[in-house]
Amino acid sequence: MIKQRAFLKWAGGKYNLIEPITAVLPAGNKLIEPFVGAGSVFLNTDYPKYLLNDVNPDLITLFKTVKRRPKRFIEDARKLFTHANNSADAYYALRQQFNQSTDPYERSLLFLYLNRHGYNGLCRYNLSGQFNVPFGQYLRPYFPQAEIEFFAEKAKRATFTCMSFENVFRRARQGDVVYCDPPYAPLSLTANFTSYACGGFGMDDQTELARRAENTAKKRGIPVVISNHDTEFTRLLYKKAQLETLQVSRFISPKGESRGKVAELLAVYAQRTGNVVTLNPQLRKHVR
């Protein structure tokens, strides 16, 4: 299976971790993603059905729009990817237009433009709910027509929702599989980046997610896999799961010396011996 890239740039995207993630995802009737992000796991798995959720309404509206009318969306979005729009002045004017707009279709078009022209694939809002990612200064931002078309075709199998992860877990049934890629726990007290959507994702949320994952697997027989940073806190959170350590390149910091490998965990909760499932050792060579 050829790996498919998402049509959005996404900080923390799982494209480079598809092999180890899919190695621990069992077969099922439906894959449920409470934190779908750009959708790399969705795009690189083959379940009959998908329930794809995110608390960011702009993201989910965009996905629904692409699913419903991909040809019109591609035609209209392409008009924003011009040389004239690839400047700081144009970017900040269009960002302001996005923040002032209440039209779902217009916001979807501008969300793609901002994602591809903004800094490093970040999706960030201030406390007032205003998108505030700075201009990325890219020479020629890529227009992802082929990726949008692939997404739209596969989205025929998907239902998109915008709700809390707690509500998504309530919709899981036996035969489903749950994969969680939440906003990551901070590596340090000064590295807490949770402004992806207004409201953040704090320690209490991390704890509740781990509790629900354990209960969902143990009491309801529904396997759950969670990705997160490898820290003392997350190891304590996921102590009832099978843990696999991965080394992943992260490129969010603007300072080159602070970029590099970061340790991550895959926490696997499943109804098997000891309530765990083991990562296929032959796939370890794919871990980056």
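Here the structure is a predicted model, which is why all the values come from computation and not from measurement.

*Asks:* Which parts of the structure should I look at to understand the overall build of the chain?
*Replies:* When helices and strands are tallied, the chain shows 10 helices and 7 strands. Counting all 288 residues of the chain, 52% fall into the buried class. Restricting to contacts in the chain with at least 6 residues of sequence separation, those with at least 24 account for 71%. For the chain, the computed accessible surface area is about 13900 Å², with 51% contributed by carbon and sulfur atoms.

*Asks:* Would you take a moment to explain the pattern of salt bridges for this structure?
*Replies:* Side chains carrying opposite charge are able to pair once their charged atoms draw close together. This structure, assessed with the given rule, holds 11 salt bridges. The shortest N-O distance in the salt bridge between Glu 153 and Lys 156 comes to 3.0 Å. In this structure, the salt-bridge partner of Glu 208 is Arg 212, at a minimum N-O distance of 2.7 Å. Within this pair, Glu 208 and its partner Arg 212 are both found in helix H9 (residues 203–220), separated by 4 residues, close to a single helical turn. Its relative accessible area of 17% is what places Arg 212 among the buried residues. Beyond isolated ion pairs, a larger network of salt bridges with shared partners links Arg 72, Asp 76 and Lys 79.

*Asks:* Just checking my understanding: could you explain the environment of Tyr 269 for this structure?
*Replies:* Tracing the chain through its elements places Tyr 269 in strand E7 (residues 260–269). Spatially, the C-alpha atoms of Tyr 269 and Ala 241 are 5.1 Å apart, while their sequence positions differ by 28 residues.

*Asks:* Mind showing me how you'd approach the nonpolar core here?
*Replies:* Where a protein is soluble and globular, its nonpolar side chains tend to be buried together. If you look at the biggest cluster of nonpolar residues, it comprises 58 residues, and the most contacted ones within it are Leu 8 and Phe 63. A total of 7 residues in this core trace back to one element, the largest contributor, which is helix H6 (residues 104–117). Two domains each provide a minimum of three residues to this core, namely domain 1 (17–55 + 163–269) and domain 2 (65–145). Those residues in contact with Phe 63 that sit more than four places away from it in its chain are Phe 7, Leu 8, Val 36, Gly 37, Ala 38, Phe 151 and Phe 160.

*Asks:* Whenever I open this one, unusual backbone geometry confuses me. Can you help?
*Replies:* Most peptide bonds are trans, and most residues other than glycine sit at a negative phi. Within the chain, Asn 120 stands out as a residue other than glycine whose phi angle is a positive 60°. As for its placement among the helices and strands, Asn 120 is situated in the loop between H6 and helix H7 (145–154). Its identity as a non-glycine residue notwithstanding, Gln 137 has a phi of 60°, on the positive side. Among the structural elements, Gln 137 can be located in the loop between H6 and H7.

Rules of the game
Residues numbered from 1 in each chain as written. Predicted model: local features only at pLDDT ≥ 70, side-chain atom pairs only at ≥ 80, totals over all residues. Heavy atoms only, no water. Helix = DSSP H or I, 4+ residues; strand = E, 2+ residues; numbered from the N terminus. Buried < 20%, exposed > 50% of the residue type's maximum accessible area, 1.4 Å probe, protein only. Contact = heavy atoms within 4.5 Å. Areas by Shrake-Rupley, 256 points an atom, 1.4 Å probe, with all protein chains shown as cover. Salt bridge = Lys/Arg side-chain N within 4 Å of Asp/Glu carboxyl O. Core = buried A, V, L, I, M, F, W, Y, C linked by side-chain atoms within 4.5 Å. Domains from an automatic or database assignment.

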